[in-house]
Amino acid sequence: MNVPVSLWLLVARTDVPYMLQTIPHLIRACHYPFTERVLAMDTAPLSGDKRYRYNTGTQQQLELACQTLIDQGFIDKIIKVDYNPAQIKNVYQKYFGTEQAQQMLNHTHNWKGSTVYASLYCIEASATDHYLHFDADMLLHQDADYDWISQAIQLMESISTIAVIRPLCGPPHPEGKSFHPNPFIKDERGFYAHKFFSMRAYLVDRKRFAQLAPIPLMWKYYPMLSRQLPQPLQSLCAKVERKLRRQVKPIQGAIESFEPMTSQKLRDTSFVRADLSSTQAWTLHPPKHDSDYIKALPNLIKLVEQGKYPQGQAGHYDLLLDEWSELLNVEKAEE
């Protein structure tokens, strides 16, 4: 019997160029009888580097795309993120504690313009205890005879230190290699244990995830002025800046990303992020959303769903689009 799971995808104007392709793909690939399939629409003004994304859509285009996914039967409902100050306060108090929440009330997005509050709001609004999130640009492969969600839930139920779980990062390498910037440990029970939290794809038991509270609040400093100086002066200036930073309050309005804050909590506790070690399901993250990616996306999705990928992509989580040129050309020629 399938465990009730809610699927939520948080979308904004930046997702308009690809969401009508990637979201149906993700739902097909998961092939799970979700209790609900929800689009959470972030209507907040774009900030940080999100303002400079390629071909960003309008609010009207975003709403039209969301309705199209409803009409096509991929999504059950659309919810606009609630930015009522009382709601923000309640959510932040639960995950960051009362004192830290008070400092965060005017900071719903991080220094890059990515959401902090809305991600937690969606978890709180879920209809089920098991909550699955995908960023709208993610790509997923799953073998037809495999069910990564059920496997993940079984592991979470048997191992109390798994705070968050997801499929394998990147297609499998023939030698079992995984190329990650942060260290990890292979657990023989069927997963890789990480102390780095990723917001791009995660499945949680909401009650257990809440045990991470209070998550430490971190602020992001703007780039040091010393980096703009000639090399001989950079070292001296950097020392002065570091000393000043210890003496003054961090720059307000530059909140850190939710990933490093939650990662710090993982490092301070026995909790881990678990990546399934099964090679029957894996994800890809496109770091760029430029015209080359948008052009390649239809055939890229076909290849991923078929489980095809170039050797140069094996073991890598971020999409290496240049490595796919030969496969993409073959797929295009067969159309």
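Right, let's walk through the structure included here. Everything quoted here is computed from the prediction, not taken from an experiment.

Rules used throughout
Residues numbered from 1 in each chain as written. Predicted model: local features only at pLDDT ≥ 70, side-chain atom pairs only at ≥ 80, totals over all residues. Heavy atoms only, no water. Core = buried A, V, L, I, M, F, W, Y, C linked by side-chain atoms within 4.5 Å. Buried < 20%, exposed > 50% of the residue type's maximum accessible area, 1.4 Å probe, protein only. Helix = DSSP H or I, 4+ residues; strand = E, 2+ residues; numbered from the N terminus. Contact = heavy atoms within 4.5 Å. Expected span 1.5 Å × (residues − 1). Polar contact = N/O pair within 3.5 Å; in protein donor to acceptor, adjacent residues only side chain to side chain. Bend = angle between axes of the 7 residues up to and from the residue.

Ile-23, Leu-132, Phe-134, Trp-148, Ile-149 and Leu-203 are the most contacted members of the largest nonpolar core, which totals 62 residues. In terms of residues, this core owes the most to one element, helix H10 (residues 291-306), which gives 8 residues. With near-sequence residues (within four places) excluded, Ile-149 lies in contact with Val-5, Cys-30, Tyr-32, Phe-34, Leu-132 and Leu-203.

For helix H3 (residues 85-96), with 12 residues, the first-to-last C-alpha span of 16 Å sits near the 16 Å given by 1.5 Å per residue. The inward-facing, buried residues of H3 contact helix H4 (98-104), helix H5 (117-125), helix H7 (206-209) and helix H9 (258-268). With a side-chain oxygen lying 2.8 Å from the backbone nitrogen of Ala-86, the N-terminal cap of H3 falls on Asn-84. Positive backbone phi, at 90°, marks Gly-97, one or two positions downstream of H3.

What follows covers H10. Residue pairs three or four apart in sequence face the same way in an α-helix, which turns once every 3.6 residues. With 16 residues, H10 ought to run about 22 Å at 1.5 Å a step, and its terminal C-alpha atoms sit 24 Å apart, in line with that. The principal kink in H10, of about 55°, is found at Leu-297, preceding the proline Pro-298 by one to four residues. By the burial criterion, the buried members of H10 are Tyr-293, Ile-294, Ala-296, Leu-297, Asn-299, Leu-300, Ile-301, Leu-303 and Val-304. Remark: Gly-307 follows H10 within two positions and exhibits a positive phi of approximately 80°.

Mapped onto the elements of the fold, Lys-177 is located in the loop between strand S7 (168-169) and strand S8 (184-187). Overall, Lys-177 belongs to the partly exposed group, its relative accessible area being 40%. For the pair formed by Lys-177 and His-316, sequence separation is 139 residues and the distance between their alpha carbons is 8.9 Å.

Position of Lys-195 among the secondary structure elements: in the loop between strand S9 (191-194) and strand S10 (201-205). Separated by 68 residues in the primary sequence, Lys-195 and Ser-263 place their C-alpha atoms 5.9 Å from one another. Excluding anything up to four places from it in sequence, Lys-195 contacts Ser-263, Leu-266, Arg-267, Thr-269, Ser-270, Phe-271 and Val-272.

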